[in-house]
Amino acid sequence: VAGGPECRAAKMEVVFAPMLASSAVDSAASGSFEAFSTSEKLPPFIRRLLEVVESELGLWSYHLRVVPWIGDASGHPGGRERQRAEIERVLANDRDGTVRASAAVAGFVVYCVGDPAREREVPVVEDLDSLDAPIRYMDASGNKIEAPGLTLRDVLVLHKEPEGLVRCSLDW
């Protein structure tokens, strides 16, 4: 995991990219997050990413966002303009270009914004492993939230099959 942190007050921002060799061995896992998500490289990358975020950086409240990378090592993050500017500001700390080079091979970065303070408990979602269950959960304020007629499968954008290593869904 290559990463470049920036701290402002209690908030920390970090940009990560998997360190893949640009060889034929890694070609199945490089080029895009979609390709990477179906490779055997995803689980160890996520484990290491969480180890860095939670154990080494000590973040309790954090948000991870997968962002496409456009171009080679001199390229830039994709996504919305404001988001790109935030990531570029953090990448200014990547003096040797390791994160940019890794992002160019992988085709994406993971942008993390977090805080070491525990702000609130994460809402509990019922039946999270059942894709055809209706969306029901209790939010951080204790309110019971239900989305009648909407299932977890309805909000998936990638890997709807049960054997998938990872599922990507719309934020709800």
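**Quick look at the pattern of salt bridges**
Applying the stated criterion to the full structure yields six salt bridges. For Arg48, the salt bridge identified is with Glu51, shortest N-O distance 3.4 Å. Of this pair, Arg48 and Glu51 are both found in helix 2 (residues 42-56), three residues apart, which corresponds to roughly one turn of the helix. We classify Glu51 as partly exposed; its relative accessible area is 40%. The residue Glu86 makes a salt bridge to Arg82 at a minimum N-O spacing of 3.4 Å. Of this pair, Glu86 and Arg82 both sit in helix 3 (residues 81-91), separated by four residues, roughly a single helical turn. Residue Arg82 is classed as exposed on the basis of its relative accessible area of 66%. Connected through shared salt-bridge partners, Arg48, Glu51 and Glu56 make up one network.

**Remarks on helix 3**
Buried within helix 3 are the following residues: Gln83, Glu86, Ile87, Val90 and Leu91. Along the axis of helix 3, the buried positions cluster into a sector of 135°, meaning they face one direction only. Facing away from the buried side of helix 3 by over 90 degrees, the exposed positions are Glu81 and Arg82.

**A few points about the packing of aromatic side chains**
In this structure the tally under the stated criterion is four aromatic pairs. Look at Phe33 and Phe108: their rings are 5.1 Å apart centre to centre, the planes differ by 80°, and that puts the pair in the edge-to-face class. With Phe33 in helix 1 (residues 33-37) and Phe108 in strand 5 (residues 108-115), this pair connects stretches of sequence that are 75 residues apart. Each member of the pair, Phe33 as well as Phe108, carries the same accessibility label: buried. Judged by centre distance (5.3 Å) and plane angle (55°), the ring pair of Phe36 and Phe108 falls under tilted. Here Phe36 is found in helix 1, whereas its partner Phe108 is found in strand 5, with 72 residues between them in sequence. Judged by relative accessible area, Phe108 falls into the buried class, the value being 0%. Grouped by ring-pair contacts, the aromatic residues Phe33, Phe36, Phe45 and Phe108 constitute a single cluster.

**Quick word on the side chain of Asp94**
By the secondary structure assignment, Asp94 is in the loop between helix 3 and helix 4 (98-106). In this structure Asp94 is buried but unpaired, with Arg100 as the nearest side chain of opposite charge at 4.8 Å. Those residues in contact with Asp94, other than ones at most four positions away along the chain, are Val99 and Arg100.

**As for the confidence of the model for the protein chain**
For the protein chain, the mean per-residue pLDDT works out to 80, and 77% of the residues sit at or above 70. Across the protein chain, element-level confidence peaks in strand 4 (residues 76-77) with a mean pLDDT of 94 and bottoms out in strand 1 (residues 2-8) with 54.

**Describing the environment of Leu20**
With respect to the helices, strands and loops of the structure, Leu20 is situated in the loop between strand 2 (11-17) and helix 1. Considering only alpha carbons, one finds Leu20 and Ala103, 83 residues apart in sequence, at a separation of 9.0 Å.

**Describing the nonpolar core**
In this structure, Phe16, Phe36, Phe45, Phe108, Val110 and Cys112 are the most contacted members of the largest nonpolar core, which totals 16 residues. Listing elements by their share of this core, those giving two or more residues are strand 2, helix 1, helix 2 and strand 5. Broken down by element, this core gets its largest block of residues, five residues, from helix 2.

How each quantity is defined
Residues numbered from 1 in each chain as written. Predicted model: local features only at pLDDT ≥ 70, side-chain atom pairs only at ≥ 80, totals over all residues. Heavy atoms only, no water. Salt bridge = Lys/Arg side-chain N within 4 Å of Asp/Glu carboxyl O. Helix = DSSP H or I, 4+ residues; strand = E, 2+ residues; numbered from the N terminus. Buried < 20%, exposed > 50% of the residue type's maximum accessible area, 1.4 Å probe, protein only. Arc of directions from axis to C-beta. Phe/Tyr/Trp six-rings, centres within 6.5 Å; stacked < 30°, edge-to-face > 60°. Lys, Arg positive; Asp, Glu negative; His and termini not counted. Contact = heavy atoms within 4.5 Å. pLDDT = per-residue confidence, 0-100. Core = buried A, V, L, I, M, F, W, Y, C linked by side-chain atoms within 4.5 Å.

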